[in-house]
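Commentary on secondary and tertiary structure
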Amino acid sequence: NSSEDGENSDRESLLRELEQAKQIIVEQDGLLQASLRAAVDKKRSSLTGVEENSGSRLMDIDETLLEEQEELERERERMKRSRERLKVDRDLLIKEAEKLDEERTKFEEERFAERVKLHSVISTPGSSTKIKLPVPATPATKILLKNLGASDT
């Protein structure tokens, strides 16, 4: 099943790359046609003796389009790097949160053990006083307390 997922992922990746290649071809075709029109317009104007600015305008448009395309590509790369950094940061944050929860659970277990020990020294036989934890219990601590038969309130 995971191999099917991998194949589907590879297939989707290839389809995206194919679509991007098609877009690039269409853009390049448009630029080539504009360049050819500009060359033809320039040739006509030189043959007729009429000076037209349409060829130079098309060249300016081509240049502007190329600059915009390059800027978009740089922006895509920047966004890709940013997403990768955010993923790494998210993974680190999750790992640290898990570590913090484990440390808190250990701390609460030690503190509970100290209170139970203190309570057994202070209490008299037959008394039934409950031990109260000074901090709210985490889900893991609640399970531990329940297994120990103690109350977390």
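Residues numbered from 1 in each chain as written. Predicted model: local features only at pLDDT ≥ 70, side-chain atom pairs only at ≥ 80, totals over all residues. Heavy atoms only, no water.

**Quick word on the environment of Ile24**
Summarising the element assignment, Ile24 is placed in helix α1 (residues 2-48). A relative accessible area of 39% means that Ile24 is categorised as partly exposed. Residues Ile24 and Gln69, spaced 45 residues apart in sequence, show a C-alpha to C-alpha distance of 9.9 Å. (Helix = DSSP H or I, 4+ residues; strand = E, 2+ residues; numbered from the N terminus. Buried < 20%, exposed > 50% of the residue type's maximum accessible area, 1.4 Å probe, protein only.)

**As for the pattern of salt bridges**
The tally for this structure, following the rule as stated, stands at five salt bridges. Linking Asp91 and Lys87 is a salt bridge whose minimum nitrogen-to-oxygen distance equals 3.1 Å. Pair noted here: Asp91 and Lys87 are both in helix α2 (residues 54-122), with a separation of four residues, about one helical turn. Asp91 gets classed as partly exposed once you look at its relative accessible area, which sits at 36%. For Glu108, the salt bridge goes to Arg104, with nearest N and O atoms at 2.8 Å. Highlighted residues: Glu108 and Arg104, both in helix α2, separated by four residues, approximately one helical turn. According to the relative accessible area criterion, Glu108 is buried, its value standing at 3%. On the accessibility criterion, Arg104 (32% relative accessible area) is partly exposed. (Salt bridge = Lys/Arg side-chain N within 4 Å of Asp/Glu carboxyl O.)

**Comments concerning the side chain of Thr105**
The topology assignment puts Thr105 in helix α2. The buried category is assigned to Thr105, whose relative accessible area is 12%. Apart from the residues within four sequence positions on either side, Thr105 is in contact with Thr138, Ala140 and Thr141. (Contact = heavy atoms within 4.5 Å.)

**Quick word on the layout of surface pockets**
By volume, the largest pocket amounts to about 480 Å³. Lining the largest pocket are 14 residues, and of these Ile24, Glu27, Gln69, Glu73 and Arg76 sit closest to its centre. Within the residue set of the lining of the largest pocket, elements represented by two or more residues are α1 and α2. Here the lining of the largest pocket takes eight residues from α2, the largest share from any one element. Split by residue class, the lining of the largest pocket holds four nonpolar, three polar and seven charged. (1 Å grid on protein atoms, 1.4 Å probe; cavity = no way out; pocket = protein on both sides within 12 Å on 5 of 7 lines; lining within 4 Å. Points joined across faces, edges and corners; volume = space filled by probe spheres on them. Nonpolar A, V, L, I, M, F, W, Y, C, P; charged D, E, K, R; others polar.)

**Comments concerning the side chain of Asp62**
Looking at the element boundaries, Asp62 is found in helix α2. Among buried charged residues, Asp62 stands out as having no salt bridge; its nearest opposite-charge side chain is Arg37, 7.5 Å away. If near-sequence neighbours (up to four positions away) are discounted, Asp62 is found in contact with Leu31, Ala34 and Ser35. (Lys, Arg positive; Asp, Glu negative; His and termini not counted.)

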